[in-house]
Amino acid sequence: DAGITQSPRHKVTETGTPVTLRCHQTENHRYMYWYRQDPGHGLRLIHYSYGVKDTDKGEVSDGYSVSRSKTEDFLLTLESATSSQTSVYFCAISDVGLEQENEQFFGPGTRLTVL
Amino acid sequence: SQQGEEDPQALSIQEGENATMNCSYKTSINNLQWYRQNSGRGLVHLILIRSNEREKHSGRLRVTLDTSKKSSSLLITASRAADTASYFCATDFRSGNTGKLIFGQGTTLQVKP
């Protein structure tokens, strides 16, 4: 999986609790992304980072925050988990080269269930 | 939404047959990419085609791009049971130097042995 790990791989939590998911890369790629995948919606971008301490919102950012204090780590926090945030979360990385080719490499995913 | 639309949503074929899936998008793009996802796994990049290219090959994969129709197709020739997976197109819609992609909802391919 191109040197990308996600932790935890599975988590069950209760409504209202904070949850933090971690993405760790060993590829030294500049860009990191958090997606959620739900049936009927494909992959939707939550937040992304274009460098240490540089982040921006994606398509479905409400209820989520992110932090990137080191190149290798990108954290996704659900401030107060809700049942609608039950999903599979994927982290991805990329490097946009001179040719503007920005293929993304994905982690194995985290399955989150909010009861 | 700038999201790509894929069809069919699901495709079932016999081993050895060809599989074709299509992707349409709405805005100008830098490139279009195809990814595969096996059940329970992350996505894997298959092939990238730039906006100034019309066709690209990689092994048994053939991708075409028609920017006038804002559409692309992925052809898998001589399919195998191991090709069973979901396939997603993703567009780089000129979002600046962010590397962001917009993914379609995917086509689920089943190849029967």
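Each remark here, short or long, concerns the structure printed above.
All figures in this text were calculated on a predicted structure; none of them were measured in a lab.

## Brief notes about the overall build of chain A
Each helix and strand counted, chain A has 0 helices and 11 strands in total. For chain A, the succession of helices and strands along the chain, N to C, is β-β-β-β-β-β-β-β-β-β-β. Whereas a compact globule of 115 residues would reach a radius of gyration of roughly 13 Å, chain A reaches 14 Å, a difference of no more than 12%. With the principal axes as the frame, chain A shows a C-alpha extent of 45 × 30 × 25 Å.

## Overview of the interface of chain A and chain B
Of the residues lining the interface, 23 residues belong to chain A; the matching set on chain B comes to 22 residues. Between the two partners, chain A and chain B, sit 0 salt bridges. Summed over the shared surface of chain A and chain B, the number is 6 residue pairs in polar contact (both at pLDDT 80 or more). Residue assignment for the side of chain A that touches chain B shows that the elements contributing at least two residues are strand E4 (31-38) and strand E5 (42-51) of chain A. Here the residues of the side of chain A that touches chain B are counted per class, giving 10 nonpolar, 8 polar and 5 charged.

## Describing the layout of surface pockets
The volume enclosed by the largest pocket comes to roughly 660 Å³. What lines the largest pocket is a set of 33 residues, among which Gln-37 and Pro-39 of chain A together with Gln-37, Ser-86 and Phe-88 of chain B lie closest to the centre. Of all the secondary structure elements, the ones that give two or more residues to the lining of the largest pocket are E4, strand E9 (87-94) and strand E11 (110-114) of chain A together with strand E1 (5-7), strand E9 (85-92) and strand E11 (107-112) of chain B. A breakdown of the residues in the lining of the largest pocket according to their chemical character gives 7 nonpolar, 20 polar and 6 charged.

## Focus: the nonpolar core
In terms of nonpolar packing, the biggest core is built from 21 residues, with Met-21, Leu-32, Trp-34, Leu-74, Ile-76, Tyr-87 and Leu-109 of chain B touching the most fellow members. Mapped by element, the contributors of at least two residues to this core are strand E3 (19-24), strand E4 (31-37), strand E5 (43-50), strand E7 (61-66), strand E8 (71-76), E9 and E11 of chain B. Residues Val-66, Ala-81, Cys-91 and Leu-112 of chain A belong to the second largest nonpolar core, which totals 18 residues.

## Some details on the packing of aromatic side chains
Applying the stated rule across the entire model yields 10 aromatic pairs over all chains. Plain terms: the ring middles of Phe-106 of chain A and Tyr-35 of chain B are 5.9 Å apart, the flat faces sit at 80° to each other, and that makes the pair edge-to-face. With Phe-106 of chain A in strand E10 (residues 105-106) and Tyr-35 of chain B in strand E4, this residue pair bridges two chains. Comparing Phe-106 of chain A with Tyr-35 of chain B shows no difference in burial state: the two are buried. Clustering of aromatic rings is evident, with ring pairs tying together Tyr-33, Tyr-35, Tyr-48, Tyr-50, Phe-90 and Phe-106 of chain A together with Tyr-35 and Phe-103 of chain B.

## Side note on the state of the cysteines
Within the structure shown, the criterion is met by 2 disulfides over all chains. Across the disulfide, Cys-23 of chain A is cross-linked to Cys-91 of chain A (sulfur-sulfur distance 1.9 Å). Measuring the twist about the S-S bond at about -70°, one finds the Cys-23 of chain A-Cys-91 of chain A disulfide to be left-handed. With a gap of 68 residues between them, Cys-23 of chain A in strand E3 (residues 19-25) and Cys-91 of chain A in strand E9 connect regions that are remote in the sequence. For Cys-23 of chain A, a relative accessible area of 0% translates into the label buried. Among the residues examined, Cys-91 of chain A registers a relative accessible area of 0% and is labelled buried. A disulfide bridge connects Cys-23 of chain B with Cys-89 of chain B, and the sulfur atoms are separated by 2.0 Å. The S-S bond linking Cys-23 of chain B to Cys-89 of chain B shows a torsion near 65°; that makes this disulfide right-handed. One end of the pair, Cys-23 of chain B, is in strand E3; the other, Cys-89 of chain B, is in strand E9, with 66 residues separating them in the sequence.

Parameters at a glance
- Residues numbered from 1 in each chain as written.
- Chains lettered and ligands numbered in written order.
- Predicted model: local features only at pLDDT ≥ 70, side-chain atom pairs only at ≥ 80, totals over all residues.
- Heavy atoms only, no water.
- Helix = DSSP H or I, 4+ residues; strand = E, 2+ residues; numbered from the N terminus.
- Rg over C-alpha atoms; globule rule 2.2 N^0.38 Å.
- Contact = heavy atoms within 4.5 Å.
- Salt bridge = Lys/Arg side-chain N within 4 Å of Asp/Glu carboxyl O.
- Polar contact = N/O pair within 3.5 Å; in protein donor to acceptor, adjacent residues only side chain to side chain.
- Nonpolar A, V, L, I, M, F, W, Y, C, P; charged D, E, K, R; others polar.
- 1 Å grid on protein atoms, 1.4 Å probe; cavity = no way out; pocket = protein on both sides within 12 Å on 5 of 7 lines; lining within 4 Å.
- Points joined across faces, edges and corners; volume = space filled by probe spheres on them.
- Core = buried A, V, L, I, M, F, W, Y, C linked by side-chain atoms within 4.5 Å.
- Buried < 20%, exposed > 50% of the residue type's maximum accessible area, 1.4 Å probe, protein only.
- Phe/Tyr/Trp six-rings, centres within 6.5 Å; stacked < 30°, edge-to-face > 60°.
- Disulfide = S-S within 2.5 Å.

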